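Coordinates in review
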Amino acid sequence: MDDEDAAKDVSLCPNCGARLRGQFCHQCGQNQKGFDRFFLSLVSEAFEDLISHDSRAIRTLFALLLRPGFLTLEYFKGRRAHYVQPLRLYFITSLVCFFAISLQNTLSPNLIIFDGAKDELVVGQNSDKPKHGAMPDSISEAEEQSDSAAQNQTDEPSAETIDFAKEFKFDPQSEANDTGNDEGLKLEGLDFDFLTEEQNQSLATFYRAQLEKAKKLATEDPAELVEIALDSAPILVFCLLPIFALLLKLIYFKTGRYYTEHLVFAVHIHCFLYTINLIDLTGFLIGGAVAEAVDTIISFWIVIYLFLGLRNTYGQGWIKTAFKFLILTMSYTTAFVFAVVFAALVNVTIL
């Protein structure tokens, strides 16, 4: 009797108790392989979904990068088991992407430099600086290169610059403000009709002090300023997802698709952008002509990918898709700019 019970127990799933019909339980999906195996086989099984040529991760990654709209269509058709689920894919790609950007900012603290003379944030390496690995022939040559790099950094920065004063609308050379602070900053346009004059002055005084903090932080540790922005970036982009889907719903209102279908497409598009940005970061780490070539190719592919993604997903003609692509791009860019300004305002407020 005990032998019969033991044989019966073997044919049942240990997890849910359902009768087994193979290696995987048809009720809960658990793999019936035991742990009484070699350690290497357990490690191989743990990474099987990542390193296997037929894994869901690899299959999803190639479709995400090279087949615009394919994952969304497969999801609509119910063929979902072969690919990573949209929300899970979004959280993985966004987590890895922002972690890589944060790591790059940490490892490259001089990537962003504040030029106090012109109130500018200089982004990127100066092209006139000596290349890494190019050793000067003499000490005097090294000193000349150092002096030349310092002069180019402060006088004629060849990298991309951000006008700090223009972005935050203050004049560091202004005369005494209303509060009597001779070294204060003169804010422009900070006057709300629904507030009293005293409240407007108090608000201006507060933001004047906050902008002073931001300027000091940009001067002393610009990488920290970037890190603060990166802390709010994941929440910012995640909040823009439903807005992107809403724009799709309005632009393609005659297609009869549900809002959730547009949301799935929006998730896949953002996953693509996260993943392609990781590739761009890899090119940046290599540097030189390779970085420029990778960045150019990626820039073109993003535009082509978004256009083909719309056409393949919604099945409309080239001209109609191009027209809606322009509307979507301009609308979402506007929403993105407003969101960035709002996030910057929040960060300055709590700085």
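Some thoughts on a nonpolar patch on the surface
Residues Leu87, Phe91 and Phe238 make up a contiguous nonpolar surface patch of roughly 300 Å² in combined accessible area. Along the chain, leucine 87 turns up in helix 6 (residues 86-107).

Comments concerning helix 10 (residues 222-251)
Helix length check: helix 10 (30 residues) gives 40 Å between terminal C-alpha atoms against 44 Å at 1.5 Å per residue, within 8%. A maximum bend of about 35° is found in helix 10 at alanine 233, where proline proline 234 lies one to four positions downstream.

A closer look at the environment of isoleucine 297
Position of isoleucine 297 among the secondary structure elements: in helix 12 (residues 288-314). Along the chain, isoleucine 297 and aspartate 280 lie 17 residues apart, while their C-alpha atoms are 9.5 Å from each other.

Quick look at the side chain of histidine 268
Along the chain, the position of histidine 268 falls in helix 11 (residues 259-286). A relative accessible area of 6% places histidine 268 in the buried class. Leave out the neighbours within four places in its chain, and histidine 268 touches Leu64, Leu71, Thr72, Pro86 and Leu89.

Observations regarding the nonpolar core
If you look at the biggest cluster of nonpolar residues, it comprises 39 residues, and the most contacted ones within it are Leu64, Leu71, Tyr90, Phe244, Leu248, Leu310 and Leu328. When residues of this core are traced back to their parent elements, those giving at least two are helix 4 (56-66), helix 5 (70-76), helix 6, helix 10, helix 11, helix 12 and helix 13 (318-349). For this core, the element with the highest residue contribution is helix 10, accounting for 10 residues. Residues contacting leucine 64, with those up to four places away along its chain left out, are Leu71, Leu89, His268, Cys271, Phe272, Thr275 and Tyr305.

Conventions adopted
- Numbering of residues starts from 1 in every chain and runs along the sequence as written.
- This being a predicted model, a pLDDT of at least 70 is required before a residue's local features are given, and a value of 80 or more before pairs of side-chain atoms are given or counted; all residues contribute to the totals for chains, interfaces and linings.
- Computation of side-chain values covers all heavy atoms of the structure but excludes hydrogens and water.
- Patch rule: a residue counts if its relative accessible area is over 30% and it has no salt bridge; like charges are joined within 9 Å, and nonpolar side chains (Val, Leu, Ile, Met, Phe, Trp, Tyr) within 5 Å.
- Each accessible area value is a Shrake-Rupley result obtained with a 1.4 Å probe; residue values ignore everything except the protein chains displayed when judging cover.
- Salt bridges are identified by distance alone: a Lys or Arg side-chain nitrogen within 4 Å of an Asp or Glu carboxyl oxygen.
- To qualify as a helix, a DSSP run of H or I must reach at least 4 residues; to qualify as a strand, a run of E must reach at least 2; elements of each kind are numbered from the N terminus.
- Expected span of a helix: the number of residues minus one, times 1.5 Å.
- Working definition for bend: take the seven residues up to and ending at a residue and the seven starting at it, fit an axis to each, and measure the angle between the axes.
- Note on exposure labels: buried denotes an accessible area under 20% of the residue type's maximum, exposed denotes more than 50%, and partly exposed covers the range between, all computed with a 1.4 Å probe on protein chains only.
- Contact criterion: two residues are considered in contact whenever any of their non-hydrogen atoms come within 4.5 Å of each other.
- Definition of nonpolar core: a set of buried residues of the types Ala, Val, Leu, Ile, Met, Phe, Trp, Tyr and Cys, connected through side-chain atoms within 4.5 Å.

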